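# Breakdown of the fold
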Amino acid sequence: GASKRKIIDEVLLTVMLRPRSYTKEDVVEINCHGGIQATKKVLELVANNGARLAEPGEFTKRAFLNGRIDLAQAESVLDTIRAKTEGALKVAMSQLDGNLSHEIGDVCAELADIISHVEAAIDFPDEDIEIIKDGEIGKRVEGVIRRLKIFIGTYDDGVILREGVLAVICGKPNVGKSSLMNLLLKRDRVIVSAIPGTTRDTVEEMLNIGGIPIRITDTAGIAASKDILMKEGVKRSKKYLELADIVLLMLDCSTRIDKKDLEIIKLVNNKKKLIIMNKSDLPRRIDGKKVKAIFKDEKIVEISVEKKTNIKKMEKSIIEMVWKGDFSQGEGAMVTNARHKELLDKAMTNMLSVRKALEKNTPADILSIDLRDAMRNLGLIIGNSVSDDILDRIFERFCIGK
C-alpha cells in the first residue's frame, strides 16, 4: 500500500526512442543523485521489477546486431576506452568512424566484381572466357593483393600504438635504474637509495614517449645473491628481460666496466637495446673505446639523471628504436586487432593461390572458390555472417554495460 512506499532518491529520467539511441532500441536512462547507497537501492528496485544487469559489451553488441555499427567499429569501442595515448585514441576513433571498414568494404566490392566475371566465364564459356585470358582479371587480382599487403604492413605499428612496448631498464646495482625511471615518470614511484640492490622487485609503469605507450619496468639488480628475496627478484627480472621488446642497458660513466656489467651484457646479447651511459657529470673512469667495441652497431647515449642532461636525446633514441625510424601516422586505415590480422593473412593466402592458378590457366570454377574464400575472410572483419561464438569471444572482453 501507499504507506509502505518510501523515497530512495530523486532521479532524472532520460527517454531515448528508437532508432536514435546507441543500440537502435528504446532506451530509458536513470541518473541518480546520490552516492553508492542510493544508486544501489535504485538498482535493486529496478531489478525487482524485471530488469537485469547488462552482460559485458551488451550495448555495443546490440548496436552491432541491430546494424548501427559493423563489427570492426564495435571492437574499436573497446580500443577507444582502453587507449593509452593520443596516438592510440586517434587510431581507435578512426576505426570507430568506419575508416577501416570502408576500405575493407571497398576490397570486398572489388572481389565481388571479379567473382561475377569469373563465374560468368563458367556459365557462358564462349562469351566471357576472354576476360580471364586477356589478363584483365590478373591485373585486378594484383590490385587486391597490393591493398592487402598495405593493410597487413600497418599491423606491427598498430599493435605498438594499441598495446605499447615493454621496455626493461637493466644494469648492475646502483647504476641509476630507479632514478632514471623516476625521472621518466616525473614522480617518485620506486624506492631510490644509495645502497646497491634496493630494488627487490619489478615495478611496471606506463609512460607516454612521443605518443608511444611504453610499459617500462625497472628490474631488481641482476647479481648473484644468497638472499632469498633477491633471488626471487632476479628470477622475475630475467623473465621480464625475455619478454622485453627493447632493453635500456645502463652503464656507469664513473666506474670501469666490470664482471657484473659483462654478465648483464651477455644476458641481453640478442635483444634490441639502447646503451645508456649514466653519471656523465662525475669524473669519468669508463673506457669509451671498450664500450664502442662491445656494442658495435648499437646506439649509445650519455646522460646524467642527476643533472637531467641529454634526457630528451635519450627519449628520441627510444622513439627511433621503436618505430625503426620510418613510422609516420598516415591517414590510411591501420590494423591494430589480432583477429583482423589473422583474417587478412587468410585472405592474402587465398589471393596468392588465385594468382598462382591464373598463371597455370586453372579452370574458372577453381578460381571462384579461392576468390569467394578471400571475400568471406574479409567479410568476417566487418561482421558479415560471423558466428555466435566469435561474437561472444569479442564482447566478453568489454566492461559491464558498455
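How each quantity is defined
- Residues numbered from 1 in each chain as written.
- Predicted model: local features only at pLDDT ≥ 70, side-chain atom pairs only at ≥ 80, totals over all residues.
- Heavy atoms only, no water.
- Helix = DSSP H or I, 4+ residues; strand = E, 2+ residues; numbered from the N terminus.
- Buried < 20%, exposed > 50% of the residue type's maximum accessible area, 1.4 Å probe, protein only.
- Contact = heavy atoms within 4.5 Å.
- Areas by Shrake-Rupley, 256 points an atom, 1.4 Å probe, with all protein chains shown as cover.
- Expected span 1.5 Å × (residues − 1).
- Polar contact = N/O pair within 3.5 Å; in protein donor to acceptor, adjacent residues only side chain to side chain.
- Core = buried A, V, L, I, M, F, W, Y, C linked by side-chain atoms within 4.5 Å.
- Phe/Tyr/Trp six-rings, centres within 6.5 Å; stacked < 30°, edge-to-face > 60°.
- Axes fitted to C-alpha atoms, helices over the stretch in contact; angles between N-to-C directions.
- Parallel < 35°, antiparallel > 145°, perpendicular 65-115°, else oblique.
- Left-handed = near helix turned anticlockwise from the far one by under 90°.
- Nonpolar A, V, L, I, M, F, W, Y, C, P; charged D, E, K, R; others polar.
- Salt bridge = Lys/Arg side-chain N within 4 Å of Asp/Glu carboxyl O.
- pLDDT = per-residue confidence, 0-100.
- Pairing = 2+ DSSP bridges.
- Right-handed = clockwise from strand over helix to strand, strands pointing away.

### With respect to the overall build of the chain
Looking only at helices and strands, the chain features 16 helices and eight strands. For the chain, the residues scored as buried account for 45% of the 402 residues in total. Taking as baseline every contact in the chain between residues at least 6 positions apart, the subset at least 24 positions apart corresponds to 70%. As displayed, the chain has an accessible area near 22600 Å², and 53% of this comes from carbon and sulfur atoms.

### Overview of helix α3 (residues 71–82)
Helix length check: α3, at 12 residues, gives a terminal C-alpha distance of 17 Å against a target of 16 Å (1.5 Å per residue), a fit within 8%. The element α3 is largely enclosed, with a buried count of nine among its 12 residues. Inspection of α3 places Leu71, Ala72, Gln73, Ala74, Glu75, Ser76, Val77, Leu78 and Asp79 among the buried residues, and these make up the whole buried set. In this structure Asp70 caps α3, since a side-chain oxygen of it lies 3.0 Å from the backbone nitrogen of Ala72.

### Side note on the nonpolar core
If you look at the biggest cluster of nonpolar residues, it comprises 48 residues, and the most contacted ones within it are Ile104, Leu148, Phe151, Leu344, Met351 and Leu378. Among the elements of the structure, α2 (58–65), α3, α5 (99–123), α7 (136–153), α14 (338–359), α15 (364–382) and α16 (388–395) are those that each provide at least two residues to this core. Take this core: its biggest share by element is nine residues, from α5.

### Some points on the packing of aromatic side chains
A ring pair, where both rings are aromatic, is described by two values, the distance of the centres and the angle of the planes. Summed over the entire model, instances satisfying the criterion amount to one aromatic pair. Ring plane angle 40° and centroid distance 5.4 Å describe the contact between Phe395 and Phe398, whose orientation is recorded as tilted. Judged by relative accessible area, which is 1%, Phe395 ranks as buried. The buried category is assigned to Phe398, whose relative accessible area is 5%.

### Considering unusual backbone geometry
Arg18 connects to Pro19 through a cis peptide bond whose omega is 5°. With respect to the secondary-structure elements, Pro19 resides in the loop between β1 (12–16) and β2 (27–31). Of note, Asn174 is a non-glycine position whose phi angle comes to about 70°, a positive value. With respect to the helices and strands, Asn174 occurs in the loop between β3 (165–170) and α9 (177–185). When its relative accessible area of 36% is taken as the criterion, Asn174 is described as partly exposed. The phi angle at Ser385 is positive, at roughly 45°, despite the residue not being glycine.

### A few points about the packing of α14 against α15
Each pair of packed helices can be described by the angle between their axes along with the distance between the axes. It is the contact of α14 with α15, at a shortest axis distance of 8 Å, that shows an interaxial angle of 165°. The angle between α14 and α15 places the two elements in the roughly antiparallel class. Where α14 crosses over α15, the two elements pack in a sense that is left-handed. For the pair formed by α14 and α15, the contact residues are Arg339, His340, Leu343, Leu344, Lys346, Ala347, Asn350, Met351, Ser353, Val354, Ala357 and Leu358 on the first element and Leu367, Asp370, Leu371, Asp373, Ala374, Asn377, Leu378, Leu380 and Ile381 on the second. Taken together, the residues of the contact of α14 with α15 break down into 13 nonpolar, four polar and four charged.

### Some thoughts on the pattern of salt bridges
By the definition in use, this model includes 22 salt bridges. Note that Lys279 and Asp252 form a salt bridge whose closest N and O atoms lie 3.5 Å from each other. Here Asp252 lies in strand β6 (residues 246–252) and Lys279 lies in the loop between β7 (273–278) and α12 (288–294), a separation of 27 residues in the sequence. Judged by its relative accessible area of 19%, Lys279 is buried.

### Concerning helix α13 (residues 311–323)
Taking 1.5 Å as the rise per residue, α13 with 13 residues should run 18 Å; its terminal C-alpha atoms sit 19 Å apart, in good agreement. The complete set of buried residues in α13 reads Ile311, Met314, Glu315, Ser317, Ile318, Met321, Val322 and Trp323.

### A few points about the packing of α5 against α15
At a minimum axis separation of 9 Å, α5 and α15 run at an interaxial angle of 160°. In this view, α5 runs roughly antiparallel relative to α15, as classed from their interaxial angle. Crossing of α5 over α15 shows left-handed handedness. Counted by class, the contact of α5 with α15 contains 18 nonpolar, four polar and three charged residues.

### Notes on the confidence of the model for the chain
Looking at the chain, pLDDT values average 84 and 85% of them are 70 or higher. Mean pLDDT per element in the chain: helix α6 (residues 125–133) is the minimum at 60, and α14 is the maximum at 95. Throughout residues 221–225 the model reports pLDDT below 50, and contacts reaching past four residues in sequence, or to other chains, amount to 17 contacts.

### A short note on the pairing of β7
Of all six residues in β7, six are buried, a share of seventy percent or more. As defined by bridge partners, β6 adjoins β7 across six bridges and the pair is classed as parallel. Bridging from a neighbouring strand, Leu248 pairs with Leu274 of β7. Between β6 and its parallel partner β7, the chain crosses via helix α11 (residues 259–267), and the hand of that crossover is right-handed. Pairing of β7 with strand β8 (residues 300–302) involves three bridges; the strand directions are parallel.

### A closer look at the pairing of strand β5 (residues 212–218)
For β5, the tally of buried residues reaches six of seven residues, placing the bulk of the element in the interior. Where β3 meets β5, five bridges bridge the pair, whose relative direction is parallel. Bridging from a neighbouring strand, Ile169 pairs with Asp218 of β5.

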